[in-house]
Amino acid sequence: MSYNDRGFLTIETQEKLRKQLLLYTLVFAVAAAGVFLLFLVFGRTFLQDTDGNIDGIGQQYPIYTRIKRMIEALIAGQGFDAWAWDIGLGDDSFILFNGKLLNPLTYICIAFPYKYLDIGYCVMTVISQYLTGVTFMVFLRGAGIRDRRVVIGGICYAFSGWIIYAMIRQCSFTTVTILLPLIILGVEKILRKESPALFIITVALHLLYGVLWAYIDAIIVVYYFLIRYFRYNRKTGAGAFVRTLLAFLGYGVTGVLISAAVIIQNLFKYGNATISSTVESHVLYTIKDYLTYPAGFFELKVVQEPYSILAVPVICVVLLPLLLPAV
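Treat the numbers as computed from the prediction; the structure is a model and nothing was measured. (Residues numbered from 1 in each chain as written. Predicted model: local features only at pLDDT ≥ 70, side-chain atom pairs only at ≥ 80, totals over all residues. Heavy atoms only, no water.)

Right, let's get into the confidence of the model for the chain. Residues of the chain with pLDDT of at least 70 account for 68%, and the chain-wide mean is 75. Here residues 1-8 is modelled with pLDDT under 50, and outside its nearest four sequence neighbours on either side it reaches 13 contacts, counting other chains as well. Predicted confidence is poor over residues 301-310, with pLDDT under 50, and the contacts of this stretch with residues over four places away or in other chains come to 26 contacts. (pLDDT = per-residue confidence, 0-100. Contact = heavy atoms within 4.5 Å.)

Below, the structure is given as structure tokens:
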């Protein structure tokens, strides 16, 4: 990327960025119209209600309606109860919904009347998809790619199979795909010995939006660090590698500590949790899982059922533009 000596974007690169965003927006609009036209034709939404996929209508819709009621009560000066007895057998309202309450995209959905909340959910979902491509473009530019691959990469990322799947399954999954390019850009900055602020902030945000996905993406980010380290440090020895690795891990821990006040209760929950009552697959991985995890980079076979972790293919999409020569 073309920067001046002080690290700021030049007028020339700002203009190029505006053109790339405009082109991306136009292509995205055309592609989205083509991909989602059938939803309009058949009157379907992203709130799925089918065998094996009731997350939308069974989980997401009740959550957003409750959040809407909480916000309305707060605006009306009534406040809301910290403990809600109508959530399962009773649960902490804020802890349960903190990922959505802290997500600005949530307020797009709940801005719609109750009658049209499903439409609001769809609008929020498509905007989330749009932002995944934008953050991927930011990553590409930050990684030094400034040609046509920026727009192509943004579109390919936004319409990749994993993101389409995530949109249909649960819109909240797309939060992962928005943040992942920014976290990896933070890794790039650390490897270039630039400010770690972006990495620390995105790690903290990722944990606030969901501990499970943050844990999964942490594995991906470590792999990325190990792969890219040798791109920037081909001639350094083991001592330099250890120092850089420790600094990298220290910045990650800083991000964790920033979000600790919100996530500490969830960490205890995940310690001995399983994915579901019917599939005895633990949330936190075993040593065997870590050893088989890299296989996910090269095949479609899942590493661990059922959340094997759907974000593994994303790292391949992220790495490919860095390996391709400029065209």
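This part covers the packing of aromatic side chains. In this structure the tally under the stated criterion is 12 aromatic pairs. Relative to Tyr130, the ring of Tyr24 has its centre 5.2 Å away and its plane inclined at 40°; by these criteria the two rings are tilted. One end of the pair, Tyr24, is in helix H1 (residues 11-41); the other, Tyr130, is in helix H5 (residues 117-142), with 106 residues separating them in the sequence. What makes Tyr24 buried here is its relative accessible area of 0%. The ring of Tyr114 carries Lys68 above its face, with NZ or CZ at 5.2 Å from the centroid. (Phe/Tyr/Trp six-rings, centres within 6.5 Å; stacked < 30°, edge-to-face > 60°. Helix = DSSP H or I, 4+ residues; strand = E, 2+ residues; numbered from the N terminus. Buried < 20%, exposed > 50% of the residue type's maximum accessible area, 1.4 Å probe, protein only. Lys NZ or Arg CZ within 6 Å of the ring centre and 35° of its normal.)

Tracing the chain through its elements places Lys68 in helix H2 (residues 55-75). If we skip the residues at most four places from it in the chain, Lys68 touches Ile110, Ala111, Phe112, Pro113, Tyr114 and Leu117.

Moving on, we come to the nonpolar core. Counting residues in each nonpolar core, the largest one holds 61 residues, and the members touching the most others are Tyr24, Tyr121, Phe139, Val187, Phe199 and Val221. If one sorts the elements of this core by residue count, helix H10 (residues 211-232) sits on top with 10 residues. Those residues in contact with Val187, other than ones at most four positions away along the chain, are Phe199, Val221, Tyr224, Phe225 and Phe248. (Core = buried A, V, L, I, M, F, W, Y, C linked by side-chain atoms within 4.5 Å.)

This part is about the packing of H5 against helix H7 (residues 161-169). The geometry of H5 relative to H7 is characterised by a closest axis approach of 10 Å and an angle of 155° between their N-to-C directions. Comparing the axis directions of H5 and H7 gives the class roughly antiparallel. In this structure, the crossing between H5 and H7 has a hand that is right-handed. When H5 is examined against H7, the residues Thr125, Gln129 and Thr132 are found in contact with a partner set consisting of Ile163, Ile164 and Met167. Along the lines of polarity and charge, the residues of the contact of H5 with H7 split into 3 nonpolar, 3 polar and no charged. (Axes fitted to C-alpha atoms, helices over the stretch in contact; angles between N-to-C directions. Parallel < 35°, antiparallel > 145°, perpendicular 65-115°, else oblique. Left-handed = near helix turned anticlockwise from the far one by under 90°. Nonpolar A, V, L, I, M, F, W, Y, C, P; charged D, E, K, R; others polar.)

Here we take up the pattern of salt bridges. Counting across every chain of the model gives 6 salt bridges. We note a salt bridge from Lys68 to Glu72, for which the minimum N-O separation is 3.8 Å. Linking Lys68 with Glu72, this pair stays in helix H2, spanning 4 residues, or about one helical turn. The salt bridge partner of Arg192 is Glu188, with a shortest N-O separation of 3.8 Å. (Salt bridge = Lys/Arg side-chain N within 4 Å of Asp/Glu carboxyl O.)

On to a nonpolar patch on the surface. On the surface, a cluster of nonpolar side chains totalling about 580 Å² of accessible area is made up of Leu37, Leu38, Leu40, Val41 and Phe42. For Leu40, the location among the structural elements is in helix H1. Since its relative accessible area comes to 70%, Leu40 is described here as exposed. (Patch = residues over 30% accessible without salt bridge, like charges linked within 9 Å, V, L, I, M, F, W, Y side chains within 5 Å. Areas by Shrake-Rupley, 256 points an atom, 1.4 Å probe, with all protein chains shown as cover.)

Bringing helix H6 (residues 149-158) into the picture now. Counting buried residues along H6, 8 of its 10 residues qualify, which places the element largely inside the surrounding structure. Within H6, burial applies to Arg149, Val150, Val151, Gly153, Gly154, Ile155, Tyr157 and Ala158.

To continue, consider unusual backbone geometry. Generally, phi is negative for residues other than glycine and the peptide bonds are trans, each holding for most cases. Although it is not a glycine, Lys193 sits at a positive phi angle of roughly 60°. Among the structural elements, Lys193 can be located in the loop between helix H8 (174-191) and helix H9 (197-209). For Lys193, a relative accessible area of 65% corresponds to the exposed category.

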